[in-house]
Structures are given as structure tokens and as C-alpha cells.
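What the coordinates show
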Amino acid sequence: MPASPAKTARWLIAQHAERRPFRAFPPGTAPADLAGAYAAQDAFVDLKARECGSPVGWKIALSNPVMQRLVGLDAPIAGRLLTRQVVGGPARTRVSAYGRLLIEFEIAVELGADLPLPEGTCSREQAGAAVAAVRPAFELADDRHADYAALGPHALQMVADNAWNEGAVLGQRRDDWRALDLAALAGQVWCDGTPMGSGHGRDLMGHPLDALAWLAMCAAARGQPLRQGDVAILGSLVTSKFPESGQVWRYELDGFEPLTLSIDP
């Protein structure tokens, strides 16, 4: 019998609090399906919000089909951002605050209007009409030393665990974003001056606004439509990186000031 969302959430909260490495759900703790995993995510977010503040936005994980297949899913997944974990850059974080810190390099949007989607669908144009501003962003996440090659049977745990999100660092805000070609935007990443990868806006489900439209539909289907003031990070232009103490990471998205993240012990 599948566990209640509350039971699953309490188990995950304890795993994080005790810095336990990723492991399979124990008997009686696993959700039965994707809907159950999202219900557990809601319960997990409610518990986490007591320390980290109320939800302030959303994230997309697994926007790349290759990563979806690796973990045994056939679509991206969504998670929530919490108020006290979203900060402006430049910023610092500590590797000791996570089981295993990973960072990603994203395009973020701020919504200037609700996206309630009474018909249940959202186009690129509808999504774009709701965007007030665009920003570069780091995502901070914690995979707790998950073995990616063996993650397939445990993909629902990633969903329930809020898609591993631990926050975001937001860069320069541009409300004139319509002057930019979002699909063509190039992002480049350096660690201590060494190039670490690059990508383009089109890597986010074909177009960043297509990724936002998918997120809007996912959120609406969960009864939590995107709202004015929400922040959404839309996926990484560069593969996830595992930073180490003493490093400084720099992310440059075309048309924006560089964004830096310093890593402390």
C-alpha cells in the first residue's frame, strides 16, 4: 500500500536533516505513482517552508530527454522555490550545508501576470505575455550522492524531494527582455577562470518560453497555477557541476552582467 504524502515527506525531511546519502524509500514510504509523488512534494514543501519561507516560484528539472531516460521518466518534472532560499547575486554558499551540492546555470523569469489556464493549455505566446523580466540564475541543488546510473527505479523520490532544489541565485534583471532573442542567448560558465561549458536558450525544451508554457500547464494541473510575482527557473544551459570549497563560479548569459557564486567550506 502506498504511503501517505505526509509520511513520505517526513521521511525525506529527516534524510536531509541527518545528511543521509540518497537511498531507496523504505517499505511503506514510497508513493505509488507520479501523482502521489507530487502530493508528497507538496507535503515536503509545506514542512520545509517552516524554515525556508513560503513558496515564491518554480523550477524545471530534467528538461533534457537524455536525462529523463536516465532516471526513468518521460517528461520534465517541476519543483518549488522557497522565499529564504532565493537570493540576489553575487552570492556565497557552503558545501558543508548539503549532502552533495550541485549547481546549474539557468534562465529565470519573473511573472508580471497570473497564468491560470482555464483551458489547461498554454502556448509560447501566452507564456511570454505573462513575463515581466528575465534574469540569469544559478540553481543550488542537493542530490545527496545519488547514483545516477541506478536512479531509474527511484525517480519518484526525486519528484517527492522537490526535484532536489535548495535555492537559486538571481542575476541582473531586464524588463526589456523582448529586445533579446531568448532562444539564441548563449550562456558560458567558468570555474576559477577555466571554461566549464556553454549552451543556448534553445536547449531549454526548444525555447525558454516553451519551457515556461510546460511549467504553467504542470502547475495548473496540480491546482497551483503560476501567479504574478512568481519566479521560475527554466533549466540549465550547461550540465550540472559539483563545486568544491574555495572555488568561484562565473556564469555569463548574453546581454546580462556576469553572475558569480563563491563556494565556502
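Along each chain, residue indices are assigned from 1 in the same order as the chain's sequence is written. Selection of residues for local features in this predicted model requires a pLDDT of at least 70, selection of side-chain atom pairs for listing and counting requires 80 or more, and totals for whole chains, interfaces and linings are taken over all residues. Calculated side-chain values reflect all of the structure's heavy atoms, with hydrogen atoms and water omitted.

1. Examining the overall build of the chain
In this description a helix means any DSSP run of H or I spanning at least four residues, a strand means any run of E spanning at least two, and both kinds are numbered starting from the N terminus. Across its full length, the chain holds 6 helices and 12 strands. In this description the radius of gyration comes from C-alpha coordinates, and the expected globular size is given by 2.2 Å times residues to the power 0.38. Relative to the globule expectation of 18 Å for 265 residues, the C-alpha radius of gyration of the chain, 17 Å, shows essentially globular dimensions. Using a 1.4 Å probe on the protein chains alone, a residue whose accessible area is under 20% of its type maximum counts as buried, one over 50% counts as exposed, and one in between counts as partly exposed. Out of the 265 residues belonging to the chain, those deemed buried represent 53%. Whether two residues are in contact is decided by their heavy atoms, any of which lying within 4.5 Å being enough. Sequence separation of at least 24 residues holds for 78% of the intrachain contacts in the chain that already meet a minimum separation of 6.

2. Topic: helix H2 (residues 34-52)
For a helix, the expected span equals 1.5 Å multiplied by the residue count minus one. Its 19 residues place the ends of H2 25 Å apart at the C-alpha level, agreeing with the 27 Å of an ideal helix rising 1.5 Å per residue. Contact partners of the buried residues in H2: helix H1 (5-17), strand S1 (55-61), strand S2 (77-82), helix H5 (155-160), strand S7 (165-170) and helix H6 (208-221). Of the residues flanking the end of H2, it is Gly 53, one or two places downstream, whose phi is positive at about 90°.

3. Brief notes about the pairing of strand S9 (residues 194-200)
Pairing between strands requires that DSSP locate at least two bridges from one strand to the other. Note that strand S8 (residues 186-191) and S9 share 6 bridges and pair antiparallel. Paired with Gln 188 across the two strands is Ser 198, which belongs to S9. Here S8 folds back onto S9 in antiparallel fashion, the turn holding 2 residues, of which Asp 192 has a positive phi close to 50°.

4. Topic: the sheet that holds strand S11 (residues 248-253)
The strand order across the open sheet formed by 5 strands is S4-S12-S11-S8-S9, and the pairing between neighbours is mixed. Across the chains shown, the open sheet's two edge strands, defined by having one partner strand only, are strand S4 (91-94) and S9. Pairs of neighbouring strands in the sheet enclose a mean axial angle of 20°, with direction left out of account. One ladder, built from 4 bridges, connects S4 with strand S12 (residues 259-264); its direction is parallel. For Arg 94, the partnering residue across the bridge sits in S12 and is Asp 264. Every axis in this analysis is a line fitted to C-alpha atoms, fitted for helices over the stretch in contact. Angles between the N-to-C directions lie between 0 and 180 degrees.

5. Brief notes about the packing of aromatic side chains
Only Phe, Tyr and Trp rings are paired, with Trp represented by its six-membered ring, and only when their centres lie within 6.5 Å; those with planes under 30 degrees apart are stacked, over 60 edge-to-face, the remainder tilted. Here the structure, examined in full by the defined rule, presents 7 aromatic pairs. Centre to centre, the rings of Phe 105 and Tyr 251 are 5.9 Å apart; their planes meet at 65°, and the pair counts as edge-to-face. Of this pair, Phe 105 sits in strand S5 (residues 101-111) while Tyr 251 is found in strand S11, placing the two residues 146 residues apart along the sequence. Here Phe 105 falls in the buried class, since its relative accessible area comes to 0%. Overall, the relative accessible area of 0% leaves Tyr 251 in the buried class. One aromatic cluster is present, formed by Phe 105, Phe 138, Trp 249 and Tyr 251 through successive ring pairs. One Lys or Arg, Arg 80, reaches over the ring of Trp 58 and ends 3.8 Å from the middle of that ring. Look at NZ for Lys and CZ for Arg. If either is within 6 Å of the ring centre and within 35 degrees of the ring normal, a charge sits over the ring.

6. Description of the nonpolar core
Counting residues in each nonpolar core, the largest one holds 66 residues, and the members touching the most others are Ile 77 and Leu 212. A total of 9 residues in this core trace back to one element, the largest contributor, which is H6. With sequence-adjacent residues up to four places away left out, Leu 212 is seen in contact with Val 109, Leu 111, Ala 127, Val 131, Leu 226, Ala 232 and Leu 234. For the purposes of this section, nonpolar cores are sets of buried Ala, Val, Leu, Ile, Met, Phe, Trp, Tyr and Cys residues that join through side-chain atoms within 4.5 Å.

7. Some thoughts on the sheet that holds S5
Strand order across the open sheet formed by 7 strands is S2-S1-S10-S5-S6-S7-S3, with mixed pairing between neighbours. Strands at the two margins of the open sheet, each flanked by one partner only, are S2 and strand S3 (86-88). Taken pair by pair, the neighbouring strands of this sheet meet at an average axis angle of 30°, ignoring direction. Across the sheet, H2 is in contact with S1, S2 and S7; its angle to S2 comes to roughly 15°.

8. Quick notes on the side chain of Asn 162
On the secondary structure map, Asn 162 appears in the loop between H5 and S7. In this structure, Asn 162 is in contact with Gln 41, Phe 44, Val 45, Lys 59, Gly 79 and Arg 80, ignoring residues within four places of it in sequence.

9. Here we look at the pattern of salt bridges
A side-chain nitrogen of Lys or Arg and a carboxyl oxygen of Asp or Glu constitute a salt bridge if their distance falls within 4 Å. Within the structure shown, the criterion is met by 13 salt bridges. A salt bridge links Glu 252 to Arg 250; the shortest N-O distance between them is 2.8 Å. The partly exposed category is assigned to Glu 252, whose relative accessible area is 25%. Assessed through its relative accessible area of 27%, Arg 250 is described here as partly exposed.

10. Digging into H6
For H6, spanning 14 residues, the distance from its first C-alpha to its last is 20 Å, which sits close to the expected 20 Å at 1.5 Å a residue. Within H6, 10 of the 14 residues are buried, which leaves the element mostly enclosed by the surrounding structure. Of all the residues in H6, the buried ones are Pro 208, Leu 209, Ala 211, Leu 212, Ala 213, Trp 214, Leu 215, Ala 216, Cys 218 and Ala 219. A positive phi of about 75° marks Gly 223, the residue just after H6.

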